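Here's the letter readout for the chains.
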Amino acid sequence: PKTNTFNLVLKKVNLAPDGFTRIMSTINGQYPGPTIEVNKGDRIVMNIRNELEDPTSIHAHGIFQKGTPWFDGVPGQTQCEIPSDYEFTYNFTVPDQVGTYWYHSHDLMQYVDGIVGALIIHDPDDPYKAEYDEEILVMLTDYHHTEAQILLNSFLTPERDVPDNGLINGKNNYDCSKAPPGSTCVDNAGLAKFEFVSNKRYRLRIINTSAFSAFFFSIDKHVMEVIEVEGTYTKRNKIHRLPINVGQRYSVIVTADQSVDNYIMRSEFQKKCMPDGAISLPVVTAIVHYDGAPEDSVPKDIPWTDFLEECIDLIPETLQPLYEEKVPEATREIIHEIAFHKDSLGIDKAFINGSTYVPNLISSTLTKVFEGTTANLPASENAFTFNTFGEVVDIYFINTDEGEHPIHMHGHQFWLLGIGNGTVVDKTALNTVNPIKRDTSTIPISGWSALRFVVDNPGVWGHHCHMWHMQVGLVMQLIELPDEINKLSPPEEWAELCQLKRY
Ligand code: C2O
């Protein structure tokens, strides 16, 4: 195993990903940030230098942090924020994980302003290694011209904000006639371009880093074969359009088997789960250019037209694990009911079992575990404690809301046993034979989902909606094996974060 060191300077700079200039929060001045690429078993060292003039924190999305729960990067849960003008080092290994991940700020909505990057863990034993020649990274996102914290205030209002645009690998065009007067904007900033060579086979790693948009991803005329979801190899399955929600990742194999030409890659907003104003948003596009094709001819418009239901994940039939494993029986069942309504101050909030999460930013739950004071956590910390190693837990989400929610679990992958409509989990419909294991899955609109996981990773793990909803309380914390946590010794630098001068 190798140690891979990444020096990451977070700072605000003026950028114009789609031609519209705005201040973005960046990693090393670029957007998206640099890709962290390592091999299975390697050590990842991320030296963060915070020049944002705001506090921050960095989370490696999907990484288990076994034995290093203090490096999970969630303010109020696993650490205190990194103040501005401070440096902090995240240092962890990835002993048993491979696949497609990402890293991002977990502080407020900073990632929406640009603190995101891909995190790829290569697998020396990749069963599909002989099936593709090259890898291509495809990062999808919705894109907002206004700073995320400002948008947040209007997010739950009836005239909710819609994205200004979407990007593929940080690029797109924008119609500057829509920009407010006085802004700096150029038309035709340019699309992302992917180079294909005839007959070569590509593994596309696709990551949705949006603030709240689910997409259908596709390439005109090209069939995709899903082989990985969030670190789990899947059976090869041919599809034309891939639904991908916030925080989710897939690998697909695409063969350059069409005639030498230019083709449209598209990321279509799933508008059924977006505010009404989203109706006019165009399809986000990029160009697939075959070697030998004219450089700038406009590709023909030949979209796949297969019908797919919006606002739900790829159906289980097309997402089966390559390696079957025996799923243990659950011994504990937890029901989480999600609802949106006003809190006692009249502010719209998200509630889980009647409680809305409020982060405690002057300490962290993990700190409290080390201090032995988690017994006194207020209800607003939405904490659930698991004391038994090996306990198998089912979590049923019941969603009474008229929106879907991409729920991400830290510290684990879970088996997705099923999803359905209505507010009662249909236990006869649960799949315990070959469910897929992943870390981010969508609860349908007015529906339910059922997850199973094993208590085996000491730490405090966030479990939350990956949309803006995490900023209005749709967050839980799983306090896992506090006795085991107490046998670990966190680094001094981590403990000191809570003592540093705050801004
Ligand atoms: Cu991608 Cu809790 O995060």
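Described in the following lines is the structure provided in the data block. Please read all numbers here as calculations on a predicted model, not as lab measurements.

Glancing now at the overall build of the chain. On a plain count of helices and strands, the chain comes out with four helices and 30 strands. By the compact-globule yardstick of 23 Å for 503 residues, the chain fits well, its C-alpha radius of gyration being 22 Å. Reported as C-alpha extents along the three principal axes, the dimensions of the chain are approximately 65 × 55 × 50 Å. When contacts within the chain are restricted to residue pairs at least 6 apart in sequence, those whose partners lie at least 24 apart make up 78%. Approximately 19600 Å² of the chain is accessible, and the part contributed by carbon and sulfur atoms is 51%. Considering the chain, the positive charge centre built from 39 side chains and the negative charge centre built from 68 side chains are found 3 Å apart.

This brings us to the packing of aromatic side chains. Scanning all chains against the criterion turns up 15 aromatic pairs. Each ring, one from W70 and one from F370, has its centre 6.4 Å from the other, and the planes form 40°; the classification is tilted. In this pair, W70 is assigned in the loop between β5 (58-61) and β6 (87-93) and F370 in helix α2 (residues 365-371), connecting sequence segments 300 residues apart. On the basis of relative accessible area, W70 is assigned to the buried category, the value being 5%. Each ring, one from Y233 and one from Y323, has its centre 6.5 Å from the other, and the planes form 85°; the classification is edge-to-face.

With that out of the way, let us pick up unusual backbone geometry. The omega torsion of the bond from Y31 to P32 falls at -10°, within 30 degrees of zero and hence cis. Its location among the elements puts P32 in the loop between β2 (22-27) and β3 (36-39). Despite not being glycine, N169 has its phi angle at roughly 45°, a positive value. Topologically, N169 is positioned in the loop between β10 (165-168) and β11 (193-196). If you check the backbone angles, N382 has positive phi at about 40° while not being a glycine. Inspection of the secondary structure assignment puts N382 in the loop between α2 and β22 (383-386). For N382, a relative accessible area of 6% corresponds to the buried category.

What counts and what doesn't
Residues numbered from 1 in each chain as written. Predicted model: local features only at pLDDT ≥ 70, side-chain atom pairs only at ≥ 80, totals over all residues. Heavy atoms only, no water. Helix = DSSP H or I, 4+ residues; strand = E, 2+ residues; numbered from the N terminus. Rg over C-alpha atoms; globule rule 2.2 N^0.38 Å. Contact = heavy atoms within 4.5 Å. Areas by Shrake-Rupley, 256 points an atom, 1.4 Å probe, with all protein chains shown as cover. Lys, Arg positive; Asp, Glu negative; His and termini not counted. Charge placed at Lys NZ, Arg CZ, Asp CG, Glu CD. Phe/Tyr/Trp six-rings, centres within 6.5 Å; stacked < 30°, edge-to-face > 60°. Buried < 20%, exposed > 50% of the residue type's maximum accessible area, 1.4 Å probe, protein only.

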